[in-house]
Every structure is written in structure tokens, then in C-alpha cells.
Amino acid sequence: MDPVRNPYAPGAGQRPPELAGRDKQLTAFDIVLERVARGRPERSVMLTGLRGVGKTVLLNQLRSAAVSHGWGTGKIEARPDQELRRPLSSALHMAVRAIAMAHRNPERVDDFLGILKAFALRSTADKGMRERWQPGIDVPAVIGRADSGDIEIDLIELFKEAAALASDIGVGIAIFIDEMQDLGPEDISAICGACHELSQDAAPLIVVGAGLPHLPAVLSASKSYSERLFSYHRIDRLDRESADQALIAPAEREEVKFTDEALDSLYQKADGYPYFVQAYGKAAWDQAPESPIGIQDVEVAAPTAEEELAVGFFGSRYERATPAEREYMRAMADLAGDDGPVATAAVATELGRKPASLSPARDGLIKKGLIYSAERGTIGFTVPHFGRYLRSV
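Residues numbered from 1 in each chain as written. Predicted model: local features only at pLDDT ≥ 70, side-chain atom pairs only at ≥ 80, totals over all residues. Heavy atoms only, no water.

Student: How should I be thinking about the packing of helix α6 (residues 151-168) against helix α7 (residues 185-201) in this particular structure?
Tutor: When two helices pack together, their arrangement is given by the angle between the helix axes and by the axis-to-axis distance. Contact geometry of α6 with α7 gives a least axis separation of 8 Å together with a crossing angle of 40 degrees. Classed by the angle they form, the pair α6 and α7 counts as oblique. α7 is crossed by α6, and the crossing has right-handed handedness. For the pair α6 and α7, the contacting residues are Ile151, Glu152, Leu155, Ile156, Phe159, Lys160 and Ala163 in the first and Glu186, Asp187, Ser189, Ala190, Ile191, Gly193, Ala194, Glu197, Leu198 and Asp201 in the second. Split into classes, the residues belonging to the contact of α6 with α7 amount to nine nonpolar, two polar and six charged. (Axes fitted to C-alpha atoms, helices over the stretch in contact; angles between N-to-C directions. Helix = DSSP H or I, 4+ residues; strand = E, 2+ residues; numbered from the N terminus. Parallel < 35°, antiparallel > 145°, perpendicular 65-115°, else oblique. Left-handed = near helix turned anticlockwise from the far one by under 90°. Contact = heavy atoms within 4.5 Å. Nonpolar A, V, L, I, M, F, W, Y, C, P; charged D, E, K, R; others polar.)

This is how it looks when you write it as C-alpha cells:
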């Protein structure tokens, strides 16, 4: 069939043509937006899950929902080597610009932007760098507010000021943070502290984060009350009905159908993971000569999808690991079976090493986002089917 009309879109953070199986999260977030708009207390939101389950896609969809409610929004992607101030300043600046036109007091807006600029300029202890870098805010910095240098104190003050600005016009502000587990300990603590203060005041500002399965543990290690501070949503693979919908709905818009046998085979191969659903769907479409797409088309196309996943999804991650880290992951793969978490002690036994001697490899893999600590004494792959891939190479 015509590859130009192929509707499927396997890509990092790329919205699929049919966002299936996420109605529960979207409905829950609409309720959050409505409650905050009415001055009701509500918790910030955290999305957790493995790579390839569509966290970033859902995060973007939630942002679109906030925009449709008239909220100001901004988004950042956390990085291990970057402190929070600069990207957060840019995100909050974007959010405030979106609502500034509706505010009746431009001086009030400028006053907040001056506070935001002062917050942003404390992003580095290097005085020369501070003087060279500017956050793109065309008002003088307001000295003495949100610029103490203590990120938690400053963020609480900044968020309260931003929430008050939004409250003036009856809307809210939402800051979206992807890869949130990569924030530094001080920044995580600051966000928890700020969200705690906002929730007590029912202030119209929320944080929506997305991260790997160990994000709740990262938050809890920072502030013990974080378990009650956020509304957690675990984003997992799609059930059969949702996976079928993700394939069928886009095809029907192009007047193409799948046989039941083809859908059976596609679900078995993709295992419900949204990224895999798109990859196998795209390959099957390109292989099929005509509608309906049958099981033979799927079977012939499967090696193409698997080759693409092996290079772009699995291989690119494997290549980032050192030889010692690859050895560690291979031992995990041999033990994992169905890719579930395994005990760190079992990995040491498998390699015939003392657990302490493997700490550098384990820590390196965690920092690179290839594995995560599921709970104390266990580790798991952040990428679904990664163990299966390692056992095949």
C-alpha cells in the first residue's frame, strides 16, 4: 500500500495517530483542572512507567488540555548535568506570557517578571557567567525576592507569586517536567517543598512530572510526605482492546482494515507497548499489497520492525554502556526471564563477583537511564523487552 499514506508514527515523544488507552488519565486531569480553577485543593501529578509506554506523549496531551482551559503552561526536560533554575525560568516565563494579555494590570505582570528574572540570574555561582547570561526578560530584576540562592526557598516564593498572578484572572499555571528522575536532589527537594506549600494554600499552580518507575522513590527519598503530596499514575502497556484501537482507527481513516488474525499477531509481537505497536503497524502497512492487512503481511514485515527496534530503540542504548556495564546487563537478562526486576545479589552470584565490586557498573547504568532500582536490593531494565534483545545478540 501507499507508504505516504502510512498513518503510524513510531518516534520518541511523537503523538500516535490514535491516543488509545489513556482516557482514565485524561479524565482525571480534567478534574484536577476544574477543581483548581474553582479554588479547591488538588495535588500535582506524576506519571511513571518504562520507556516506550507513551509518558511523553501523554504529558504533551495533558499540557494541551491545560491550554484548552486557558491555563498558562511551560515544559522542560530534566537533564542530570543541568540545574533547575534556567529551564524552569524559561518554562514559567512562557506560562506567564500566555496569560499576561488577559491581566488588567501590566505593572503587576512586570513585577512578577522582575522576580522571575532575579530567580533566573541566581542560576550559577559564577559571577562572570551571571553577567553574560540573560533570561530574555525585558524588565529589571526585582532584588530581594526569590533570589536568596537557596533553590527551595526561592522556588516556594516564586511559585506563590506566579500562582497569585494566575489567580487574579481566574486561571491556573501548569509546569510540565519530563524525565523528572534526572533532576538533582536539591531540585527535587525544592519542587516537593514548593508543591507542599501550594497545596496547603489551594494555589492555582501545579507541577506535572513524568519519569521512570523509580521516580516515586526519588521523590520519597527527598521528602517523606511526597507519597501523599502527588497523584501518581502508572503508565503501562495497552490492553488488547486499546492496542487494537491504536491500529484500527488510523487505518479506517485511510479506508484500510486488518484481519483478526493480523491483529492477534501484532498484539503478540508488540506486547501492548505503544512504541512497539506503532513500529509493527508501520512495517505491516508498508509490506501489505492491499487491504485488508493479513497475518502473512505481519509475519513478513516483522523482521523489518524488529531490525528497526534493534538499531534505534535497543542498540542505541546498548552502545552507550561500557564493557563492564554490558556484562552486568547480560547477567540481568539471563536472570530476568520475562524482563522483570531481579535481585542485585543474584546478579553478583551470576557473575561470580562480590556485590560491592559491581556497584560502579550498576550506578553507571542507573545514571545512563538503562536500569532502575525497582525497590531496595532489586534492579530492572527501563526499556521493555531489553532482556530479550540482549539474549538475542
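Student: Just to check I follow, could you spell out the pattern of salt bridges for this structure?
Tutor: Between side chains of opposite charge, pairing is possible as soon as their charged atoms come close. This structure, assessed with the given rule, holds 22 salt bridges. We note a salt bridge from Glu161 to Arg145, for which the minimum N-O separation is 2.8 Å. One end of the pair, Glu161, is in helix α6; the other, Arg145, is in the loop between α5 (127-132) and α6, and 16 residues separate them in sequence. Looking at Arg145, the relative accessible area reads 26%, which means it is partly exposed. The residue Arg362 makes a salt bridge to Asp363 at a minimum N-O spacing of 3.8 Å. Look at the salt bridges and you will find they share partners, linking Asp111, Arg145 and Glu161 into a network. (Salt bridge = Lys/Arg side-chain N within 4 Å of Asp/Glu carboxyl O. Buried < 20%, exposed > 50% of the residue type's maximum accessible area, 1.4 Å probe, protein only.)

Student: Quick question: what am I supposed to make of the packing of aromatic side chains here?
Tutor: Two measures describe an aromatic ring pair: the distance that separates the ring centres and the angle between the ring planes. Within this structure, the stated rule accounts for 14 aromatic pairs. With centroids separated by 5.3 Å and ring planes inclined at 70 degrees, the aromatic side chains of Phe381 and Phe386 adopt a geometry described as edge-to-face. Among the aromatic residues, those joined into a cluster by ring pairs are Tyr273, Tyr275, Phe276, Phe313, Phe314, Tyr318, Phe381, Phe386 and Tyr389. Positioned above the aromatic ring of Phe119, the side-chain terminus of Arg85 is 4.6 Å from the ring centre. (Phe/Tyr/Trp six-rings, centres within 6.5 Å; stacked < 30°, edge-to-face > 60°. Lys NZ or Arg CZ within 6 Å of the ring centre and 35° of its normal.)

Student: How should the sheet that holds strand β6 (residues 342-343) be read in this particular structure?
Tutor: Sheet strands line up and pair through hydrogen bonds in the backbone, either parallel or antiparallel. Ordered in space as β6-β8-β7, the three strands form an open sheet in which the pairing is antiparallel. Strands at the two margins of the open sheet, each flanked by one partner only, are β6 and β7 (371-375). Here β7 runs beside strand β8 (residues 378-381); their pairing, made up of three bridges, is antiparallel. Bridge pairing links Ile371 to Phe381 in β8. (Pairing = 2+ DSSP bridges.)

Student: Which parts of the structure should I look at to understand the side chain of Arg51?
Tutor: Relative to the elements of secondary structure, Arg51 occurs in the loop between β1 (44-48) and α2 (55-68). By relative accessible area, which is 15% here, Arg51 ends up buried. With residues near it in sequence (within four places) discarded, Arg51 still touches Glu179, Gln181, Leu212, Phe313, Arg317, Gly369, Thr382, Val383 and Pro384.

Student: Just checking my understanding: could you explain the nonpolar core for this structure?
Tutor: Generally speaking, soluble globular proteins have nonpolar side chains that are buried together. Residues Phe29, Phe258, Phe276, Tyr328, Met329 and Phe386 are the most contacted members of the largest nonpolar core, which totals 77 residues. Not counting residues up to four positions away in its chain, the partners in contact with Phe386 are Phe314, Tyr318, Met329, Asp339 and Phe381. Formed by 50 residues, the second largest nonpolar core is a distinct cluster that contains Val96, Leu155, Leu165 and Ile191. (Core = buried A, V, L, I, M, F, W, Y, C linked by side-chain atoms within 4.5 Å.)

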